Every structure is written in structure tokens, then in C-alpha cells.
Amino acid sequence: MTSKSKFLAAPYLLWMIIFIVIPLALIVVFAFTTTVYTDLEGNLLSNEEFDELRIEYDNFYDMADNELPYKKQTVFTLTHIMEVSNYVPVLLNSVWLAIIATAICLLIGYPLAYLISRMRYGFQKLMLMMVMLPMWMNFLLRTYAWMTLLERNGWINKLLGLVGIGPFDMINTQGAVVLGMVYNYLPYMILPLYSIMTKIDNRTIEAAQDLGANSLRVFSKVVLPLSMPGVASGITMVFVPSVSTFIISRMLGGGTNMLIGDLIDLQFLGNAYNPNLGSAISLVLLVFILLCMSITNQLNNEDNMDGGMLL
Amino acid sequence: MKKLSSKLYMALVFGFLYIPIFVLIINSFNASKSRTVWTGFTFDWYKKLFNNEVILNSLVNTLIIAVIASVIATILGTAAAIGIFNMKRMTKSLIINITYLPIINPEIVTGVSLMLLFVFLNIDLGVVTLVLAHITFCVPYVILNVLPKLHQMNRHLYEAAMDLGCNPMQAFFKVIIPEIMPGIITGFLMSITYSIDDFVISYFTHGATSQTLPITIFSMTRRKVSPEVNALSAIIFVVILVVLLIMNIREIRAGKERGDV
């Protein structure tokens, strides 16, 4: 193809700048600015003074003829970024719950992905389809299903009642939130693990066995190192949506177990309307996630280098 | 023994994945409004669902938005992929990195950033902003599916077509496009799926009158009792099951013909 064909990307580049770059830049701008009101001479107004002026203007002046008695200004500030530190417990709680959910997904998903990858081709496809099928249902419906199961007089408590235990308070707890994350994002762990493991040649495993390795050593010296890239991408694919969710915590956590996502939602569409603070929290979340991802990528690269050096 | 325990393990995990969905489906036939007391078999919730205008409207909205957004995203993304493919290494990797942003960003950050943009530009939130937002998060999937196909393609095919008398347009549409078609189709299908399924980004960019199905489902689940949600889940489940079965049976047959069993 000729070098002229690179101009085919021009419409997309424009799109990318308007809808990816500028919105993210707006988050940064909002995070570091705030709106203040000044009188016409440029003196800063306190909230009370501003309210007074506004009410006076609304009540006594005809809107069409008169100039506003105050001016709106956007000024640089660090207050919103500092304010995020008030929410450190919420941030830590989100990260903690997401780590637990990711760990459980890895523990459940790893053996399953391995078992699937050792099956016959037709069965592999069938099993993969069964893993993906729930993923295609909207996650709101899947989470709603758990509301039905976990309620105080829900199905699980009824079942437990039959054997004479319970009822337990299961919904509106942190455990329920973690369960919701595991249930929703488990397929995101299984799929990347499977796609790496299906490339592991059975003969490699047999060779290790022939050379005298027991199952534990086959796992730790052959299967685990070869599947590391899948582990890394599975962890990212579960951790990122878990740490930033706001619906799972609202539906299963009952609003008392606030996560970062809920906090951001509150600032934009909730009662605490404050887009500047919301942007500051979003920025912190974004930076945190990019840092985590560069760490997992690093781990991955180091593993590859070790492998290369051994060879 | 080993085989038995691994079968048991798989049964447990799949049970975990499917039991909640089956509970929803069973409840969709429950005459009682309560989610937990069974009082008899009924089709009422299905009838109510098909007479519920809010749901039907949002279904129509969802499909219209998904089709428009994924068609535009596919055209924009395919052109972009060809352009990016022909760029120098530095610009190429910069653009690909920015393209990845909507995929690695938490959805809530993408949603909030687009909301800020629309408010900043004074565009009323509605169907238009939903389409713009959906195109934005779909294009990267098209680009990332088409680029590998371009790399796999023999670079000399285009020149060969020109040598054999094609003009550049013919060479492009008769040689390049068919070569990268599988990537374009995968990108389009992924776009349509993500668009239909998206809740978080739509939640921040929709207006009061432009609800999509996931947003309507969200407002229904907030009410204590809404058995229509169960009926809707059952229908969605069956539709997805049929689509996946057809796709997989075809794929397995193709695999058998190739002899990868």
C-alpha cells in the first residue's frame, strides 16, 4: 500500500482527540480547578455574599435588562485533590475487596481453565461456550439474581432453614459484594487463562513426568511458568472492573458499603453533586490503575526474561 | 478417582455460574409477586413484559443505537487501522497506546469523562450523546481486530493487483478489504455486543427520554418487586443460548473438517 493510505486514519485521529484525549484532559482540568464568584470589581465573594447577591438579583431585577451583579471564574486549586484524602478508607476498602475477589477468581478459575484446556477439541468449545454464556447476560440481571438468592427470606436461607440453620444476614454485607464481583467477573479470569493454557503442549508435561517430576513439580516448574501471561491478564481483567464497580456494591451492599465507584457516581449524578471532586477521585483511580497495570506487565516481562536466560 | 474429582469440580463451578440464572427463569413463571414464595405457574409476567411500553421503547433504542454506533465504528476503525498500519513506528505506537485507553480505563472514568465533554460542549444528553459515546468505546475493538489481519496479509498483494491492471480503488476494495474481512467482521460483532450490553458508560451519557435496555433494567431492579425482570432475563438467556449454539456448532464442524479434533 502507498504511504498516502495513512490519511485514511485522519477521521479517526480527529475522533480520538475529541472523544478520548479531550475528555481525559477535562477530568484533569476539573480535578485541579474550582468555580468561584467575584463581584464586578473582581473581589472574591464568600458563599453567603454570593447567595445574597443572587437572591437579590433574582427577586428585584428584570432578567432581560440587567447585567449579572457577579462574575463566575474558574481558578486553579488543590483542595479537591486534598479532599480525596478524606476518602482514603473508602479507597482502601475498594482495593481490599477487589483483591479478595481477584484472588478467589484466580483460585476457582485456574484449575477450571486447566481442566478445559486438556479436553478434546469439541468439548473445549462446548465448555468455553458454557463459561461465556452467563457473561453475555447483562451484569445487572446477574447481580439481580443474587439479590433473590441472598435475601433474608431468600432461597439460600430457605434451604438452610430446611436443615435447621439460619437464617443468616447475607445481603448488604461486604461478603455479598465480593460474591457479586466473583460471580460477574469469573469468566474474565477463565478465558485468558484458557487461551494461554491451550497452547501448552501435552508432550511438555509428559516429558517432565518422564524425567521424574511429581505432579507438584510438574505444576510449579512447567504449567505455572508457562501460564503466567494468562495469570497476569486475568488478574487485570478482574481487578480493574472490581475496583471501579458501583452497581454491585449498590445492589448487594445495600448502599452502606461504599466503594470508589459509588463515590464518583455520587459526585456526578447523586446528591453530593460536585464534578470537581468527582474528577479528582476519578483521576486518583485512573493513576492507581495505570500503576497497577504497569506492575503486572513488569512481572510478566521479568518472567519471560528468566525463561529466556534459562534457555 | 482423579477424573471423578475433576468432574465434580467442574460441576460445582458451573453450578455456581448457572444456578442464579435458573432461579430467575423459574421465578419468571411464578404467579406470586414475591421472589421467594411459589404460588403457581403463570405466563402473566411475559404478557406484562410485552405490554410494557417503557421496556419495548428502550429495547428499540438499544438496537438502533447499537446498529448505528457499530456501523460507524466499523467504517471509522477499519479506515483507521489501514492508516495506522502505514505510519512510521513512533506515531503508530503513540496512536495505538491512546486507542487502548478506553479499553483499559475503568468504564466509570470513560463515562464520567464523556459526560464532562458533553456538558462542556453544551450538547443535551440524549440519543446523540449515546451514539457518540458508544462509537468511542467500540472503535478500539475494530482497530485492534483489523490491525493483526493487516500484519498477516502479504504486503505484495496490493502491488500484484496493481501490476495486473487494477486501479488503486479496485485494488483496495477487491484485494485488501477481502483479506482483512474476518477482522472487520469480528470487530463489528464485538462492537454490537458491547453496545447492546453497555450500562456504565450509557448511564453517564443518557438523557431522561433516551433510555437503553440496561438502564431500564437498572431502574426496574431498584424497585423492590419487579417480576418482569425475570421474564426478560429468561428471554435474553434463551436468545443468547440459541445464538451461541448455532455459532459453536458451525465452528466445531469447521474444526472437524480441518481435522483439528
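Residues numbered from 1 in each chain as written. Chains lettered and ligands numbered in written order. Predicted model: local features only at pLDDT ≥ 70, side-chain atom pairs only at ≥ 80, totals over all residues. Heavy atoms only, no water.

What about the overall build of chain B?
Tallying secondary structure elements over chain B gives 11 helices and 0 strands in all. In terms of C-alpha radius of gyration, chain B reaches 23 Å, well past the compact-globule figure of 18 Å for 261 residues. In terms of its C-alpha atoms, chain B occupies a principal-axis envelope of roughly 75 × 65 × 35 Å. Counting over 261 residues, chain B shows a buried share of 51%. Partitioning the intrachain contacts of chain B with sequence separation of at least 6 by distance along the chain shows that 70% fall at a separation of at least 24. (Helix = DSSP H or I, 4+ residues; strand = E, 2+ residues; numbered from the N terminus. Rg over C-alpha atoms; globule rule 2.2 N^0.38 Å. Buried < 20%, exposed > 50% of the residue type's maximum accessible area, 1.4 Å probe, protein only. Contact = heavy atoms within 4.5 Å.)

A look at the overall build of chain A
Scanning chain A from N- to C-terminus turns up 13 helices and 2 strands. Computed over C-alpha atoms, the radius of gyration of chain A comes to 27 Å, more than 25% over the 19 Å expected from 2.2 N^0.38 for 311 residues, which places it beyond the range of a compact globule. Structurally, chain A occupies a C-alpha span of about 90 × 75 × 35 Å along its principal axes. Counting the 311 residues in chain A, one finds 45% classified as buried. Look at the contacts in chain A between residues 6 or more apart in sequence, and 72% of them connect residues 24 or more apart.

A word on the interface of chain A and chain B
Each partner contributes to the interface: chain A provides 77 residues, whereas chain B provides 81 residues. At the boundary of chain A with chain B, total buried surface from both sides reaches about 7800 Å², with 80% on carbon and sulfur atoms. Counting every contact that joins chain A to chain B gives 7 residue pairs in polar contact (both at pLDDT 80 or more). Ranked by residues supplied to the side of chain A that touches chain B, first place goes to helix α1 (residues 10-31) of chain A with 15 residues. (Buried area = accessible area lost by both parts, 1.4 Å probe. Polar contact = N/O pair within 3.5 Å; in protein donor to acceptor, adjacent residues only side chain to side chain.)

Some details on the nonpolar core
By size, the foremost hydrophobic cluster in this structure holds 157 residues, and its most contacted members are Tyr12(A), Ile108(B), Leu150(B), Phe199(B) and Phe204(B). Counting contributing residues, this core receives three or more from each of domain 1 (3-83) and domain 2 (87-310) of chain A. (Core = buried A, V, L, I, M, F, W, Y, C linked by side-chain atoms within 4.5 Å. Domains from an automatic or database assignment.)

What to know about a negative patch on the surface
All names here are of chain A. The grouping of Glu48, Glu49, Glu52 and Glu56 at the surface amounts to a negative patch. Along the polypeptide, Glu56 turns up in helix α2 (residues 47-60). Judged by its relative accessible area of 38%, Glu56 falls in the partly exposed class. (Patch = residues over 30% accessible without salt bridge, like charges linked within 9 Å, V, L, I, M, F, W, Y side chains within 5 Å. Areas by Shrake-Rupley, 256 points an atom, 1.4 Å probe, with all protein chains shown as cover. Salt bridge = Lys/Arg side-chain N within 4 Å of Asp/Glu carboxyl O. Lys, Arg positive; Asp, Glu negative; His and termini not counted. Charge placed at Lys NZ, Arg CZ, Asp CG, Glu CD.)

Quick notes on the pairing of strand β1 (residues 33-39) of chain A
Residues and elements named next belong to chain A. The buried count for β1 comes to 5 of 7 residues, which makes it a mostly enclosed element. Sheet topology places β1 next to strand β2 (residues 70-76); 7 bridges connect them, and they run antiparallel. When the bridges of β2 are listed, Thr34 appears paired with Val75. (Pairing = 2+ DSSP bridges.)

A short note on the domain arrangement of chain A
By convention, interface size is frequently given as the accessible area that disappears when the constituent parts associate. Residue and element names in this part refer to chain A. When its domains are assigned, chain A resolves into domain 1 (3-83) and domain 2 (87-310). Each partner contributes to the interface: domain 1 provides 11 residues, whereas domain 2 provides 10 residues. Between domain 1 and domain 2 the total buried area reaches about 850 Å² when both faces are included, carbon and sulfur atoms providing 69% of it. Within the residue set of the side of domain 1 that touches domain 2, elements represented by two or more residues are α1, β1 and α3 (79-83). Top element by residues in the side of domain 1 that touches domain 2 is α1. It accounts for 5 residues.

Structural notes on a nonpolar patch on the surface
Together, Trp155(A), Phe22(B), Ile26(B), Trp38(B), Phe41(B) and Phe43(B) make up an exposed nonpolar region whose accessible area comes to about 640 Å². The topology assignment puts Ile26(B) in helix α1 (residues 2-27). Given a relative accessible area of 43%, Ile26(B) falls into the partly exposed group.

Quick notes on the pattern of salt bridges
Residue and element names in this part refer to chain A. Enumeration according to the criterion identifies 5 salt bridges over all chains in this entry. Residues Arg250 and Asp265 are paired through a salt bridge, measuring 2.4 Å at the closest nitrogen-oxygen approach. Of this pair, Arg250 sits in helix α11 (residues 247-252) while Asp265 sits in helix α12 (residues 260-268); the two residues are 15 residues apart in sequence, bridging distant segments of the chain. The exposure class assigned to Arg250 is partly exposed, which follows from its relative accessible area of 25%. Look at Asp265 and you get buried, because its relative accessible area is 3%. A cluster of three or more residues bridged by salt bridges with shared partners is formed by Arg250, Asp262 and Asp265.

Re the packing of aromatic side chains
All names here are of chain B. A complete count under the given rule lists 27 aromatic pairs over all chains for this structure. On the numbers, 5.1 Å between centres and 55° between planes, the contact of Phe199 with Phe218 is tilted. Highlighted residues: Phe199 in the loop between α8 (168-197) and α9 (200-205) and Phe218 in helix α10 (residues 213-222), separated in sequence by 19 residues. You'll find Phe199 and Phe218 in the same group, each marked buried. (Phe/Tyr/Trp six-rings, centres within 6.5 Å; stacked < 30°, edge-to-face > 60°.)

Here we look at the confidence of the model for chain A
Mean pLDDT over chain A stands at 86; residues scoring 70 or higher make up 92%. In the model, residues 304-311 of chain A has pLDDT below 50 throughout and makes 0 contacts with residues more than four positions away in sequence or in other chains. (pLDDT = per-residue confidence, 0-100.)

Regarding the side chain of Thr33(A)
Residue and element names in this part refer to chain A. Mapping Thr33 onto the fold places it in strand β1. With a relative accessible area of 14%, Thr33 lands in the buried category. Among the polar contacts listed, one links the side chain of Thr33 to the backbone oxygen of Val29, at a separation of 2.8 Å. Setting aside residues up to four positions removed in sequence, Thr33 forms contacts with Thr74, Val75, Phe76, Thr77, His80 and Asn276.

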